[in-house]
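# An overview of the molecular structure
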Amino acid sequence: MAVPQPKLELRPLGNTGLNVSSVGFGASPLGRVFGPVAEDDAVAAVRRAFQLGINFFDTSPYYGGTLSEKVLGKALKALGAPRSEFIVSTKCGRYKEGFDFSAERVTRSIEESLVRLQLDYVDILHCHDIEFGSLDQIVSETIPALQKLKQEGKTRFIGITGLPLDIFTYVLDRVPPGTVDVILSYCHYGINDSTLKDLLPYLKSKGVGVISASPLSMGLLTEQGPPEWHPASPELKSACNAAVAHCKSKGKSITKLAMQYSLSDKDISTVLVGMSSVEQVEENVDAVSELGSSSGIDQETLSQVEAILEPVKNQTWPSGIPQN
Ligand code: NAD
């Protein structure tokens, strides 16, 4: 008989009352942004994730030009689970065609997303990559439009996402408390870049839930390596490549180490990792389960990897329009 897996830890998401699994399912790979993914594999990955206790799924109309939302919708439906048992976030304002944070576009956007996701509501609707828009428009037009959608029951909570960390303070300092429920930061809480750490006390003081995405730095910390569009500098790519090679030569898993590193901070409610196969789901959940066991993180390998990444530590890349 198979040994039952311990369920993943659930953590409160700010003041939302939602309890999210410490590992969340990033669905951008379902939009084939990291390479081809067969629909059956995607559906099986979502099912396995849910079986192993992952209750949080994140997507966007931008990922694969709406493909990710469609495939995730299909996969969630196939679960046959009560709607209250899974938490779904999608986004608005960023599309294959470009950015549009106007009230009119984001209001239409959620209707389109709900059709693709085959849902009546989402749990979180994020403004996607706000550094590409006017932050003042986000404050004065986009977020008020999302509040209306919240009142209408199309979304339960409102979030903002993006790469530069100061966009979060800019917006959160200009909206009434409780208006923005969560933030989603990416590529800032991993072995090569942990700058989100410094912002956590501020975010906590604002009562917002913190979602940290891309623990594998969008593929930099994987054996497969980053996709062709990855915006990191050649120097950062090459240092990460050296770290991956080091782990491989020792018979260690870089993804396991990276997942465990990103999950170590309890002020982060959930770590969103992009997955597209049952194997990846099982590996990533296993990495977390091991953290809770006596073995914990492999400190020796972590120190070696940190030394390799030292010259590029906290190096990031430009994102957004110049005034932001
Ligand atoms: P990631 O760091 O999670 O890396 C994903 C890549 O790693 C994919 O190629 C995936 O197939 C691979 N991978 C995952 N587990 C693996 C394993 N065990 N072994 C080998 N390879 C493995 O990057 P991401 O997918 O960009 O980020 C996670 C999620 O966070 C996204 O899917 C998305 O939902 C969200 N996100 C949001 C924003 C935003 O709002 N601006 C930005 C980035 C990410």
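Refer to the structure printed above.
Thresholds, definitions, all that
- Residues numbered from 1 in each chain as written.
- Predicted model: local features only at pLDDT ≥ 70, side-chain atom pairs only at ≥ 80, totals over all residues.
- Heavy atoms only, no water.
- Disulfide = S-S within 2.5 Å.
- Buried < 20%, exposed > 50% of the residue type's maximum accessible area, 1.4 Å probe, protein only.
- Near = heavy atom within 4 Å.
- Polar contact = N/O pair within 3.5 Å; in protein donor to acceptor, adjacent residues only side chain to side chain.
- Areas by Shrake-Rupley, 256 points an atom, 1.4 Å probe, with all protein chains shown as cover.
- Phe/Tyr/Trp six-rings, centres within 6.5 Å; stacked < 30°, edge-to-face > 60°.
- Lys NZ or Arg CZ within 6 Å of the ring centre and 35° of its normal.

Defined simply, a disulfide is a covalent bond joining two cysteines at their sulfur atoms. According to the stated counting rule, one finds zero disulfides in the structure shown. C92 forms no disulfide, and the closest cysteine sulfur to it belongs to C127, at a distance of 4.8 Å. Exposure remark for C92: the relative accessible area of 1% places this residue in the buried category. Between C187, a cysteine without a disulfide, and C240, which holds the nearest cysteine sulfur, the sulfur-to-sulfur distance is 9.7 Å. Overall, the relative accessible area of 4% leaves C187 in the buried class.

The next thing to look at is the site of the ligand. Close to the ligand lie 29 residues; S28, D58, D129, L216 and G274 are nearest. Take M218: an N or O atom from its main chain is 3.0 Å from an oxygen atom of the ligand. N284 is positioned such that a nitrogen or oxygen atom in its side chain is 2.9 Å from a nitrogen atom of the ligand. Relative to its unbound accessible surface of 830 Å², the ligand loses 93% to contact with the protein.

Taken as a whole, this structure holds six aromatic pairs when the rule is applied. Their ring planes at 55° and their centres at 6.4 Å tell us that Y62 and Y63 sit as a pair that is tilted. A residue is classified by how much of its surface remains accessible, and Y63, at 16% relative accessible area, is buried. A ring pair is formed by F99 and F101, whose centres lie 6.2 Å apart and whose planes are at 25°; its orientation type is stacked. Here F99 falls in the partly exposed class, since its relative accessible area comes to 32%. On the basis of relative accessible area, F101 is assigned to the buried category, the value being 3%. Three or more aromatic residues link up through ring pairs in this structure, and these residues are F99, F101 and F132. The aromatic ring of Y62 is capped on one face by R94, whose charged end is 4.1 Å from the ring centroid. The ring of Y95 has R105 lying over it, and the distance from NZ or CZ to the ring centre is 4.2 Å.

In short, shape yes, function no, at least from these values alone.
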